[in-house]
Amino acid sequence: MLDLLIKNGNVVFPKKGVKAVDIGVKNGKIHCLAEKGSNLKATKEIDISGLHVFPGVIDAHQHLGIYNEIGKDFADTKGHAIGGITTIVNYYREPQSYFNVIPRLIEEAEKNSYIDFAFSMGILTNQHIKELEGYIHEFGQTSFKFFRNYERRVRDVFKTDDGIDLSSADLVHILQRFKEISPKMLLSIHCENMDIQRRLTSELKKQDLPDNLETWSKTSPGYAEAESLLSTLYLNEQVEGNIFIVHLTSGESVDVLKKSPWLRERGVKVETCTHYLNLTTEAKCGLHAKIGPPIHHQWDQDQLWDGISSGIIQAIGTDHCPSTLSKKYGKGEGVWDALFAFPSAGTLLPSMITKGHFQYGLPLETIADITSCQLAESFNLTQKGDISVGKDADFAIVDLNKEQTVKPDLFFSECDYGVFEGMNFRGWPLHTLSRGEFLVKDGNPVMKEARGRYVKRSI
């Protein structure tokens, strides 16, 4: 006897297509896949005729615990499930030993999270490098982040004498250590030439420029990212590493990827984010969308979509960083004072269906691949990312015709703004399930208590 039978739906299999299949769930896992109309027996059944079943969305680019207590941010994950997110990977960094940090993070997250989660810790110090294998074996940490945006600034920003430079030499050294440990080790990399960014920012601050996204875009033009990307790809090719390029922003970077296929033939995945795919410097939200690297122009957005269509960009994230307007503009409302980042979770899948599928013609199986399967493969989330027997029963059951206007209270969060506010997206989940449990039913959260689990990974 099954625990749950999901019948009469159109199941979206990443890379493989859409098929009419019934899904049997038992003990939180996908127990069987059967032809539509099969005579399976279950304690509970749900008829989803006309709906599409996507694998639960994996948002592998979040920053919970930056502007708020981390437990509070994880409590807001109830709203993530509104958009079909069932698993997140949270980037976090502190200068002290992670043996002291990771247990606290896991404890706070498990007390508050409604969805499953993993962490990718930032490598900032020599101690972090020395203790890598301990983090892996004790906590199942198989992914880390290299913040090139802190190059030569770690000691000052994080007030530590043990900070590394985050230079090209450090990048090579860390990739070599990862390769020695296991091919499953993944290094996420923020690509941005900070010498260019810092010089331009200093010069622009001396000018009388408007407080808008166009001014912010000028602080780090596309070529600053593209140069850093090319350097990163080349060094990774020399080491034969395994890297994940985060939040690609520019047409120049897409051009680098197109012209250098030999640098991305192995061990390279590339992510862009929903704000770069939906917003430009002309966006109505203005400085709400200040972020690093910046949002650029329509040409850049068009090139990013072309990169997705051609397969050279394989993953989508949000860079979600919860805050309120009072925190965003606590130091002032100008372009130099507004804080980086913004809340944006919950819109990942609907925005990709709206623009990716309905406007650009991406197949649904491609959207399932770049919002779930590719992330599971990259971040070693072996029980996630696909609809196949033995995987966790994580699903976003979507009505492709459901339209909804984005507003902050849609996501049951204390965040009082969002960069997509007022935009209309088509293709929302009616139901979201995690390990066979309904998190959202008929568009409303139904889970009363936190029940998310830390995903411990293995090399």
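Cut-off values and rules
Residues numbered from 1 in each chain as written. Predicted model: local features only at pLDDT ≥ 70, side-chain atom pairs only at ≥ 80, totals over all residues. Heavy atoms only, no water. Helix = DSSP H or I, 4+ residues; strand = E, 2+ residues; numbered from the N terminus. Rg over C-alpha atoms; globule rule 2.2 N^0.38 Å. Buried < 20%, exposed > 50% of the residue type's maximum accessible area, 1.4 Å probe, protein only. Axes fitted to C-alpha atoms, helices over the stretch in contact; angles between N-to-C directions. Left-handed = near helix turned anticlockwise from the far one by under 90°. Contact = heavy atoms within 4.5 Å. Nonpolar A, V, L, I, M, F, W, Y, C, P; charged D, E, K, R; others polar. Expected span 1.5 Å × (residues − 1). Salt bridge = Lys/Arg side-chain N within 4 Å of Asp/Glu carboxyl O. Phe/Tyr/Trp six-rings, centres within 6.5 Å; stacked < 30°, edge-to-face > 60°. Right-handed = clockwise from strand over helix to strand, strands pointing away. Polar contact = N/O pair within 3.5 Å; in protein donor to acceptor, adjacent residues only side chain to side chain.

In this section: the overall build of the chain. Across its full length, the chain carries 15 helices and 17 strands. Radius of gyration (C-alpha) of the chain: 21 Å, near the 23 Å computed for a compact globule of 459 residues. Across its three principal axes, the chain shows a C-alpha extent of roughly 70 × 45 × 45 Å. Across the 459 residues of the chain, 63% fall into the buried class.

Below, the discussion takes up the packing of helix 10 (residues 251-259) against helix 12 (residues 298-310). Relative to each other, helix 10 and helix 12 sit at 35°, their axes nearing to 8 Å. Once helix 10 is placed against helix 12, the crossing between them reads as left-handed. Contacts from Gly251, Glu252, Val254 and Lys258 of helix 10 reach helix 12 at Trp299, Asp300, Gln303, Leu304, Asp306 and Gly307.

In this section: the packing of helix 14 (residues 348-359) against helix 15 (residues 364-378). Taken N-terminus to C-terminus, the directions of helix 14 and helix 15 make an angle of 145°; their axes are 10 Å apart at the nearest point. Helix 15 is crossed by helix 14, and the crossing has right-handed handedness. Where helix 14 abuts helix 15, its residues Leu348, Leu349, Met352, Ile353, Gly356 and His357 lie against Leu364, Ile367, Ile370 and Thr371. Residues belonging to the contact of helix 14 with helix 15 are distributed by class as follows: seven nonpolar, three polar and no charged.

So, about helix 12. The end-to-end C-alpha distance of helix 12, which contains 13 residues, comes to 18 Å, matching closely the 18 Å that a straight helix rising 1.5 Å per residue would cover. Within helix 12 the residues assigned to the buried category are Asp300, Gln301, Gln303, Leu304, Trp305, Gly307 and Ile308. Immediately downstream of helix 12, the backbone of Gly311 shows phi near 90°, a positive value.

Before going further, it helps to examine the pattern of salt bridges. Overall, the coordinates contain 24 salt bridges when judged by the stated rule. Close ionic contact of Asp116 with Arg435 constitutes a salt bridge, the shortest N to O distance being 2.8 Å. Residue Asp116 is found in strand 8 (residues 116-122), and its partner Arg435 is found in the loop between strand 15 (424-434) and strand 16 (437-441); the two are separated by 319 residues along the sequence. On the basis of relative accessibility, which here comes to 2%, the residue Asp116 falls in the buried class.

Our next topic: the packing of aromatic side chains. Within the structure shown, the criterion is met by 19 aromatic pairs. Measuring from centroid to centroid gives 5.8 Å for Phe117 and Tyr454, while their planes differ by 45°, and the two rings are tilted. Of this pair, Phe117 sits in strand 8 while Tyr454 sits in the segment after strand 17 (444-445), and the two are 337 residues apart along the sequence. Between Trp216 and Phe340 the ring centres are 5.3 Å apart and the planes differ by 70°, which places this aromatic pair in the edge-to-face class.

Once that is clear, we can look at the pairing of strand 6 (residues 57-62). Among the six residues of strand 6, six are classified as buried, and the element is accordingly described as predominantly covered. Traced from strand 6 through helix 1 (residues 70-75) to strand 7 (residues 85-92), the parallel crossover comes out right-handed.

Inspection of the secondary structure puts Thr432 in strand 15. A polar side-chain atom of Thr432 sits 2.7 Å from the main-chain carbonyl oxygen of Ala81. Setting aside anything within four residues of it in sequence, one finds Thr432 in contact with Ala81, Gly84, Ile85, Thr86, Phe395, Glu437, Phe438, Leu439 and Val440.

This part takes up helix 9 (residues 222-239). When the terminal C-alpha atoms of helix 9 are compared, their 26 Å separation across 18 residues agrees well with the 26 Å that a helix rising 1.5 Å per residue should span. Turning to helix 9, its buried residues number three or more, namely Gly222, Ala224, Glu225, Ala226, Ser228, Leu229, Thr232, Leu233, Leu235, Asn236 and Val239. Buried residues belonging to helix 9 abut helix 6 (168-181), strand 10 (186-190), helix 7 (194-205), strand 11 (243-248), helix 10 and strand 12 (268-273). Residue Glu240 follows helix 9 closely and has a positive phi angle near 60°.

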